[in-house]
Amino acid sequence: MSISLPVEGFVNVARLVTAGFGSQLEFGFEAIDDLQLAIELALRSVPARDGSATIALSSDESGLTVIVTGSEGAPLDRRFPDSEDGLDLLSCLGRLVDRVDFVDDAAPAVVLRKNRQAAGVVPGG
Amino acid sequence: MTSPGSVSETDRRALLRAYRENGDVAARDRLIESFIPVVRSIAYRYAGRGEQLDDLEQVASVGLIKAIERFDLDRDVELMTYVFPTVVGELKRHFRDRGWSVTVPRRLKELHYRLSRLIEELTATLGRSPTIAELAHEAGVEEEEVVEALEVGRAYASRSLTRALDSDEGGGAELIDLIDDEERGYEAAENRELLASGLKALDDRERRIVQLRFVEGLTQSQIAVEIGISQMHVSRLIRRALQTLSEEIEEA
């Protein structure tokens, strides 16, 4: 599923959708909370020239993939300064989800991956 | 720990004077300890208003430290008479700042508080973070209501309580010190300044939590145990800290 929403003032909508999706996949509360925070960080980092961004969520047997895409023609804002072992965006996101990819295409995107096994999914659930 | 009755006003003044004039931190700590039962008692009066007692005790302790830092030894006023209103003031400010920033139905507020407790209990029982379905089952509500109630928890006001509190705990320095200065160019130095500037805007506890979560890689549950607050509170503090960092860096 995919939603486009204004970046300002609609983050709670993104959180609700994420929580609903995570709940369907039987993610634990903490995993959902981390995923929500990762999406919030991604939303602050993708360019939103027209004030909006798109969040696409998809799942498979092994977990959930979220793609947060901004407007075309502007670079990704890493927001936190790059540092080798400090608090850069990649490091922060890497603590919240299992895999992070930055896509510096015409429309920059942040791809987040949360695995079911790491998300506290009940075995056999 | 020192019992409250064993430290007289004269003793307390002597401890404060030793701290102020000689930098005797042990004296300050003894002074703080002598007030802990009072602080707990005041915090207890504010329990049952939707905040956990351990969180309130921490807020009250911040008030105590402020009182000790600000008390004027030249004034003919008992230290206790200054500590009491300062601690109460800190707690009132806490409730004012943490009040619900949007109108939230009472039903959802109550469910949010229940879920906060259930998350702690179920995490301990299950040995893992509970799912939304498990929380819903335990609370006797629908999963959608759990998602909604967890979300309204974000409606707490996000202003920092202790941003202006200048402590010498040094949590920020620890974090900044992780960045190796050697063989870095101008850009790295600039980044370091940016990060330091952002971190300064966090209070000691927020800096500590950011370090534990994003540098040391502890989970929310582990941080909750380490800091002695609820997991839900850790979640709120992480979110608030990152928001503050992001805003500070953007302004810089």
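A short tour of the structure in this document, coming up. (Residues numbered from 1 in each chain as written. Chains lettered and ligands numbered in written order. Predicted model: local features only at pLDDT ≥ 70, side-chain atom pairs only at ≥ 80, totals over all residues. Heavy atoms only, no water.)

### Focus: helix 11 (residues 220-227) of chain B
Residues and elements named next belong to chain B.
Reasoning step 1: By the burial criterion, the buried members of helix 11 are Q220, S221, I223, A224 and I227. Projected down its long axis, helix 11 carries its buried residues within an arc of 160 degrees, all on one side.
Reasoning step 2: Positioned one or two residues after helix 11, G228 has a phi angle of 85 degrees, which is positive. (Buried < 20%, exposed > 50% of the residue type's maximum accessible area, 1.4 Å probe, protein only. Helix = DSSP H or I, 4+ residues; strand = E, 2+ residues; numbered from the N terminus. Arc of directions from axis to C-beta.)

### Notes on the environment of L73(B)
Residue and element names in this part refer to chain B.
Reasoning step 1: When you line up the elements, L73 lands in the loop between helix 3 (53-70) and helix 4 (79-97).
Reasoning step 2: Here L73 falls in the buried class, since its relative accessible area comes to 11%.
Reasoning step 3: Once the C-alpha coordinates of L73 and L16 are considered, the two residues, 57 residues apart in sequence, prove to be 8.2 Å apart.
Reasoning step 4: Ignoring sequence-local partners within four residues, the contact set of L73 consists of R13, L16, R17 and R20. (Contact = heavy atoms within 4.5 Å.)

### Comments concerning the sheet that holds strand 1 (residues 2-6) of chain A
All names here are of chain A.
Reasoning step 1: The strand order across the open sheet formed by 5 strands is 1-2-3-5-4, and the pairing between neighbours is antiparallel. Of all strands in the sheet, those with a lone pairing partner are strand 1 and strand 4 (99-103), marking the two edges. This sheet shows a mean twist of 15 degrees between the axes of neighbouring strands, independent of strand direction.
Reasoning step 2: The sheet contacts of helix 1 (residues 11-24) involve strand 1, strand 2 (52-60) and strand 3 (63-69), and relative to strand 2 the element is tilted by about 5 degrees.
Reasoning step 3: Running at roughly 140 degrees to strand 4, helix 3 (residues 89-96) makes contact with strand 4 and strand 5 (109-115) of the sheet. (Pairing = 2+ DSSP bridges. Axes fitted to C-alpha atoms, helices over the stretch in contact; angles between N-to-C directions.)

### Observations concerning the environment of R128(B)
Residues and elements named next belong to chain B.
Reasoning step 1: Note on placement: R128 falls in the loop between helix 5 (106-126) and helix 6 (132-139).
Reasoning step 2: Spatially, the C-alpha atom of R128 lies 9.0 Å from that of S221, the residues being 93 residues apart in sequence.
Reasoning step 3: Within the local environment of R128, its side chain forms a polar contact with the side chain of E134, the two groups lying 2.7 Å apart. (Polar contact = N/O pair within 3.5 Å; in protein donor to acceptor, adjacent residues only side chain to side chain.)

### Here's the deal with the packing of aromatic side chains
Residues and elements named next belong to chain B.
Reasoning step 1: In the structure shown here, the tally under the stated rule is 1 aromatic pair over all chains.
Reasoning step 2: When the centroid spacing of 5.6 Å and the interplanar angle of 55 degrees are considered together, the rings of F71 and Y82 count as tilted. Taken as a pair, F71 in the loop between helix 3 and helix 4 and Y82 in helix 4 lie far apart in primary sequence, 11 residues in all.
Reasoning step 3: You can call F71 buried: its relative accessible area is 3%.
Reasoning step 4: A cation sits over an aromatic face here: R213 above F214, 6.0 Å from the ring centre. (Phe/Tyr/Trp six-rings, centres within 6.5 Å; stacked < 30°, edge-to-face > 60°. Lys NZ or Arg CZ within 6 Å of the ring centre and 35° of its normal.)

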